[in-house]
Amino acid sequence: EPTILNGEGTLTNIEKNGTHLTFQVTMTTNGTIELPYIYYPGYQVKINDQKISTFETDHGLIGIEIESGTWQITSFYRGTPIMIVSYLSFIIASGTLIWIIFKQNRTHKI
């Protein structure tokens, strides 16, 4: 579960499903929250649907700075740009290979 590292507040409505986490936080002071995911490129955190920057905590997990107030926090793994490009390259290369094999089989039939 997420943890308040410093500052005063409460966490409610915590829902975790794989790499997707949502919860509501009410902070009475500015503070830092640690999310239960290892700090890794590709994770995105949004506060009230606005993307915010993250940092690595002393425990190696994802940390966020948060101001006082009531906020809806959403965290999920989106992937890195290089990962997305490599998936697309794999799909294009696989499709091209299948097309070449199919075309060669049709031209070599007697």
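*Asks:* Got a minute to help me understand the environment of Ser75 in this structure?
*Replies:* Summarising the element assignment, Ser75 is placed in strand E9 (residues 69–77). Classification of Ser75 by relative accessible area gives buried; the value is 0%. On a C-alpha basis, the gap between Ser75 and Tyr37 in space is 9.4 Å, while along the polypeptide they are 38 residues apart. Beyond its immediate stretch of four places on either side in the chain, Ser75 contacts Thr19, His20, Leu21, Leu35, Tyr37, Tyr43, Gln44 and Val45.

*Asks:* I would appreciate a short explanation of the packing of aromatic side chains in the present structure.
*Replies:* Describing an aromatic ring pair means giving the distance of the ring centres and the angle of the ring planes. Per the counting criterion, the structure on display carries three aromatic pairs. Measuring from centroid to centroid gives 6.2 Å for Tyr40 and Tyr77, while their planes differ by 35°, and the two rings are tilted. Taken together, the residues Tyr40 in the loop between strand E4 (31–38) and strand E5 (43–47) and Tyr77 in strand E9 connect sequence positions 37 residues apart. Tyr77 gets classed as partly exposed once you look at its relative accessible area, which sits at 27%. Judged by centre distance (5.1 Å) and plane angle (70°), the rings of Tyr43 and Tyr77 are edge-to-face. With a gap of 34 residues between them, Tyr43 in strand E5 and Tyr77 in strand E9 connect regions that are remote in the sequence.

*Asks:* Honestly, the environment of Thr54 in this entry has me stumped. Any pointers?
*Replies:* Secondary-structure assignment places Thr54 in the loop between strand E6 (50–52) and strand E7 (55–56). Residue classification places Thr54 among the partly exposed positions, given a relative accessible area of 26%. Separated by 11 residues in the primary sequence, Thr54 and Glu65 have C-alpha atoms spaced 7.8 Å apart. Residues within four places of Thr54 in sequence aside, it is in contact with Tyr39, Val45, Ile62, Gly63 and Ile64.

*Asks:* Help me out: how do you make sense of the nonpolar core in this one?
*Replies:* Nonpolar side chains in soluble globular proteins tend to be buried together. Formed by 14 residues in total, the largest nonpolar core has its most connected members in Phe23, Val25, Ile33, Leu35, Ile66 and Ile73. Only strand E3 (20–27), E4, E5 and strand E8 (61–66) provide two or more residues apiece to this core. The element contributing the most residues to this core is E3, with four residues.

*Asks:* Would you mind showing me how to read the pairing of E4 here?
*Replies:* Along any regular strand the residues' side chains alternate between the sheet's two faces. When you tally the buried positions in E4, you get six out of eight residues, the bulk of the element. Sheet topology places strand E1 (residues 3–6) next to E4; three bridges connect them, and they run antiparallel. Bridge pairing in E4 places Thr3 opposite Glu34. The pairing of E4 with E8 spans six bridges and is classified as antiparallel. Residue pairing for E8: Gly31 is matched across the bridge by Ile66.

So, how was this worked out
Residues numbered from 1 in each chain as written. Predicted model: local features only at pLDDT ≥ 70, side-chain atom pairs only at ≥ 80, totals over all residues. Heavy atoms only, no water. Helix = DSSP H or I, 4+ residues; strand = E, 2+ residues; numbered from the N terminus. Buried < 20%, exposed > 50% of the residue type's maximum accessible area, 1.4 Å probe, protein only. Contact = heavy atoms within 4.5 Å. Phe/Tyr/Trp six-rings, centres within 6.5 Å; stacked < 30°, edge-to-face > 60°. Core = buried A, V, L, I, M, F, W, Y, C linked by side-chain atoms within 4.5 Å. Pairing = 2+ DSSP bridges.

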